[in-house]
Amino acid sequence: MDSTITNKKGRTRSIGFIKLLKYLKSYRKGLGLAVTSGVLHHVFAISTSVVCAYIVGLIARDNLSGNGAAILMILGVLVVLRTLMYYGEMWFAHEVAYRILADFRIALYNAVERVSPGILLNMRSGQLASTLMSDVEVLEWFFAHTFGNMIVASIVTTIVLCFLAALNIYLAIIILFLIIIILSIPLLLQKKADEQGRDVRDKLSDANAEAVEGIQGLREILALNYKKGFMKKMYNSIDKLSNSQITYGKRLGLEGSLLHIAVGLAMISILTMSAFLVYEGVLAFEWFTVAVILGGYSFGPIMEISSMARNFGIILASSNRVFEVLESKSLVEYKETSTIKGKFKSDILFDNVSFSYKEDNNNAVDAVSFQVYEGETVALVGHSGAGKSTCINLLLRFWDVKTGAIKIGSHDIRDMTQEELRSMTCAVLQDVYLFHTTIGENIRLGKPEATDEEVENAAKLAFAHEFISGFPKGYDTKTGERGVQLSGGQKQRISIARALLKDTPILIMDEAVSNLDSENEQAIQQALERLRRGRTTLIIAHRLSTILSADRLVVMKNGKVVETGTHEDLLKEGKYYKELIASQYSLPTDVKEI
Ligand SMILES: Nc1ncnc2c1ncn2[C@@H]1O[C@H](COP(=O)(O)OP(=O)(O)OP(=O)(O)O)[C@@H](O)[C@H]1O
């Protein structure tokens, strides 16, 4: 029987098993305690039954001869010990399992952070959440109930077989043979179990992703009256999941039935064989019931691991999904240690930069060159899809350039450590995310050690202090999910306060396109003015006022830089810029001045 069934990623069952085992390495002590108490739990349970069976045998032969009280005492002690050991086994096994799950969750989150946003391109956020939470949860079966139980089953079965061999060697041989048959049943159905397990986990993750999308896009679903269409998609996904689970359940049922038939036949064989041995005078009568009980017990632990093995398909599928994230290669590798001497200057150079998001795609930016001098504000302008955000993504090193180089202070950003790059740059992006914590903490994100006074000063400069103070709890007001809901303009002012507090020499901005009321608009423009002062700023400009206030403009079209210069120069000499401005801001094409 091939015990190394290959899954869709080419990973084998045995490789998956070994990978999971590696995580147990640092918990050897806990695992040892779980296995020891597991073995003792079974040994005491078997001993209790064996003593009972022996008493029955003695009573049947009228041979108890006044030992009843002592035997009852022994039985009482065995029951107490068995209970204690069961408690210990559950405690230690779950302690190890849940500690490992915590390790997995932290490692997974680190991996997501390391490989994002690249990984998020290929995975829906619901699918990722499914891996982070429920796939990891499934691994509890392995760490708490599979590996340790396998060791316990091997030890207990060996002990029982030795005991049986001492009674009669033929009984032991027959039971060993029957155990091999019982163990081979899950192996026979292993390929199906792996395929079905993978299918269930994939379908579950799709259904999760659909549900998450339904929550995230609820506003659009209601506003566009898309409820029927969305529900159809949702039903479809849930239908596929339940069909897959039913198929999986049917196989579990088939496997379980085969196991019960095998165990039933095994019990009949033991009963017949023991009776035959007693009849032949080879086995004393009082050992008959003991032999039958021991025979039955030898299948107990084996049945336990067989039922776990029946679910190994799902365990393997979940572990593959977890390892897929853990082992995803980072799109960007940072230098571990700094090689750059002296202080950084903050000018930015895009030197013949080309990049495409996927190998077979056209370049999103193509041979782009421009410079932002220290303290200068350069605005990227162009139609949607021109490549402006891509320039910012590359400067922030969410991806690396395909050819060319981006330099800060004449150093290639690929030669900088993550810490160096992050301490030089701060990004204020369109979609401001507020965490479910206080407004104060949300502002403090980029500088956790900032004092309350510094936070308040930053908020004042960002014109956010006034509305924050208006809340009954001020800076201690909770925001984000289930916290107070802030308007788009208020969120932007908080993100400007964050940037002011972080106080980096380079500011990278993607200006929000959403319409703001004039009060918000004015406050934000003034806050941005303050933020840009003395910093090297690269900004994706959408508002005419921002374009006008920039020192120079870099005009992009289809991934290329087509014109650069000041607004006035471009109006005089540029051709494309004039058309762009006219089309975007409803101005005549012969506009001379705005
Ligand atoms: N994550 C991505 N994966 C694949 N292609 C992408 C991705 N992001 C952008 N693109 C493509 O790269 C090209 C440049 O897009 P980019 O977002 O840089 O343009 P933009 O000028 O910022 O547009 P907008 O003003 O609408 O944000 C477009 O063709 C776009 O479809």
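The protein appears in an unreviewed UniProt entry as ATP-binding cassette domain-containing protein from Alkalibaculum sporogenes. Among the UniProt annotations of the protein, the heading Subcellular location (unreviewed entry) holds the following wording: "Cell membrane".

Hey, could you run me through the overall build of the protein in this one?
When its secondary structure is counted, the protein shows 22 helices and ten strands. A compact globule built from 594 residues should have a C-alpha radius of gyration of about 25 Å, whereas the protein, at 35 Å, is more than 25% larger. Counting only C-alpha atoms, the protein reaches 120 × 55 × 50 Å along its principal axes. Expressed as a percentage of its 594 residues, the buried residues of the protein come to 48%. Put simply, of all contacts in the protein between residues at least 6 apart along the chain, 76% involve residues at least 24 apart. Accessible surface, the protein as shown: approximately 30,200 Å² in total, 58% of it carbon and sulfur.

Whenever I open this one, the environment of Leu548 confuses me. Can you help?
Relative to the helices and strands, Leu548 resides in helix H20 (residues 544–549). Residue classification places Leu548 among the partly exposed residues on the basis of a relative accessible area of 37%.

Looking at this structure, how should I read the UniProt feature "transmembrane region" (unreviewed entry) in the protein?
Within the UniProt annotation, "transmembrane region" (unreviewed entry) is assigned to residues 31–56, 68–87, 141–161, 167–189, 258–279 and 285–303. Segment residues 68–87 splits into 100% helix and 0% strand. End C-alpha atoms: 29 Å apart. The span residues 285–303 shows a helical share of 84% and a strand share of 0%, and its end C-alpha atoms are spaced 28 Å apart.

Looking at this model, I keep getting lost on the side chain of Thr536. Mind explaining?
Note on placement: Thr536 falls in strand S8 (residues 536–540). Judged by relative accessible area, which is 0%, Thr536 ranks as buried. At a separation of 3.0 Å, a polar atom in the side chain of Thr536 contacts the main-chain amide nitrogen of Gly375.

Would you mind showing me how to read the domain arrangement of the protein here?
Interfaces are often sized by the amount of accessible area the parts lose when they come together. Under the domain assignment, the protein is made up of domain 1 (13–326) and domain 2 (348–585). If you average the C-alpha positions of domain 1 and of domain 2, the two centres end up 54 Å apart.

So what exactly am I meant to see when it comes to the environment of Leu486 here?
Among the secondary structure elements, Leu486 is positioned in the loop between helix H17 (465–470) and helix H18 (488–502). Note on Leu486: relative accessible area 9%, which makes it buried. Along the backbone, Leu486 and Ile305 are 181 residues apart, and their C-alpha atoms lie at a distance of 54 Å. Contacts of Leu486, omitting those with residues within four sequence positions, involve Leu434, Phe467, Phe471, Thr479, Lys491 and Ile494.

So what exactly am I meant to see when it comes to the packing of aromatic side chains here?
Given two aromatic rings, one states the distance between the centres and the angle between the planes to describe the pair. Summed over the entire model, instances satisfying the criterion amount to 17 aromatic pairs. Considering the side-chain rings of Tyr54 and Trp287, the 4.9 Å spacing of their centres and the 35 degrees angle between planes classify their relative orientation as tilted. Of this pair, Tyr54 sits in helix H2 (residues 28–60) while Trp287 is found in the loop between helix H10 (227–279) and helix H11 (288–310), placing the two residues 233 residues apart along the sequence. Taking relative accessible area as the criterion, Trp287 reaches 28% and is therefore assigned partly exposed. Measuring from ring centre to ring centre gives 5.0 Å for Tyr357 and Trp399, while their planes differ by 90 degrees; the resulting arrangement is edge-to-face.

How do you make sense of the packing of helix H16 (residues 452–461) against H18 when you look at a structure like this?
When two helices pack together, their arrangement is given by the angle between the helix axes and the distance between those axes. Orientation of H16 relative to H18, taken along the N-to-C sense of each, is 125 degrees, at an axis distance of 8 Å. By the criterion of interaxial angle, the relationship of H16 to H18 is oblique. In terms of crossing hand, the pair formed by H16 and H18 is right-handed. Only Ala497, Leu500 and Leu501 of H18 make contact with H16, whose side of the interface consists of Glu454, Val455, Ala458, Ala459 and Leu461.

Looking at this structure, I do not really get the nonpolar core. What am I missing?
One recurring pattern in soluble globular proteins is that nonpolar side chains are buried together. If you look at the biggest cluster of nonpolar residues, it comprises 64 residues, and the most contacted ones within it are Phe104, Phe142 and Phe143. Sorting elements by how many residues they give to this core places H10 first, with nine residues. Not counting the four nearest positions on each side in its chain, Phe143 is found in contact with Leu20, Tyr23, Leu24, Ala93, Ala97, Ile100, Leu101 and Phe104. Ranked by size, the runner-up nonpolar core spans 42 residues in total, among them Ala450, Ala459, Ala462 and Ile547.

Would you mind going over the environment of Lys575 with me for this structure?
Here Lys575 lies in the loop between helix H21 (567–573) and helix H22 (576–584). Through-space distance from the C-alpha of Lys575 to that of Glu563 is 8.5 Å; in sequence the pair is twelve residues apart.

Sorry, what's going on with the site of the ligand here?
As a structural note, the neighbourhood of the ligand is formed by eleven residues, with Ser384, Gly385, Lys388, Ser389 and Thr390 the closest of them. Measuring from an oxygen atom of the ligand, one finds a side-chain N or O atom of Lys388 at 2.9 Å. At three residues, the largest contribution of residues to the shell around the ligand is made by helix H13 (residues 388–395). Taken together, the residues of the shell around the ligand sort by class into four nonpolar, six polar and one charged.

Reading the values: the criteria
- Residues numbered from 1 in each chain as written.
- Predicted model: local features only at pLDDT ≥ 70, side-chain atom pairs only at ≥ 80, totals over all residues.
- Heavy atoms only, no water.
- UniProt positions renumbered as here; feature names shortened; annotations may be inferred.
- Helix = DSSP H or I, 4+ residues; strand = E, 2+ residues; numbered from the N terminus.
- Rg over C-alpha atoms; globule rule 2.2 N^0.38 Å.
- Buried < 20%, exposed > 50% of the residue type's maximum accessible area, 1.4 Å probe, protein only.
- Contact = heavy atoms within 4.5 Å.
- Areas by Shrake-Rupley, 256 points an atom, 1.4 Å probe, with all protein chains shown as cover.
- Polar contact = N/O pair within 3.5 Å; in protein donor to acceptor, adjacent residues only side chain to side chain.
- Domains from an automatic or database assignment.
- Phe/Tyr/Trp six-rings, centres within 6.5 Å; stacked < 30°, edge-to-face > 60°.
- Axes fitted to C-alpha atoms, helices over the stretch in contact; angles between N-to-C directions.
- Parallel < 35°, antiparallel > 145°, perpendicular 65-115°, else oblique.
- Left-handed = near helix turned anticlockwise from the far one by under 90°.
- Core = buried A, V, L, I, M, F, W, Y, C linked by side-chain atoms within 4.5 Å.
- Near = heavy atom within 4 Å.
- Nonpolar A, V, L, I, M, F, W, Y, C, P; charged D, E, K, R; others polar.

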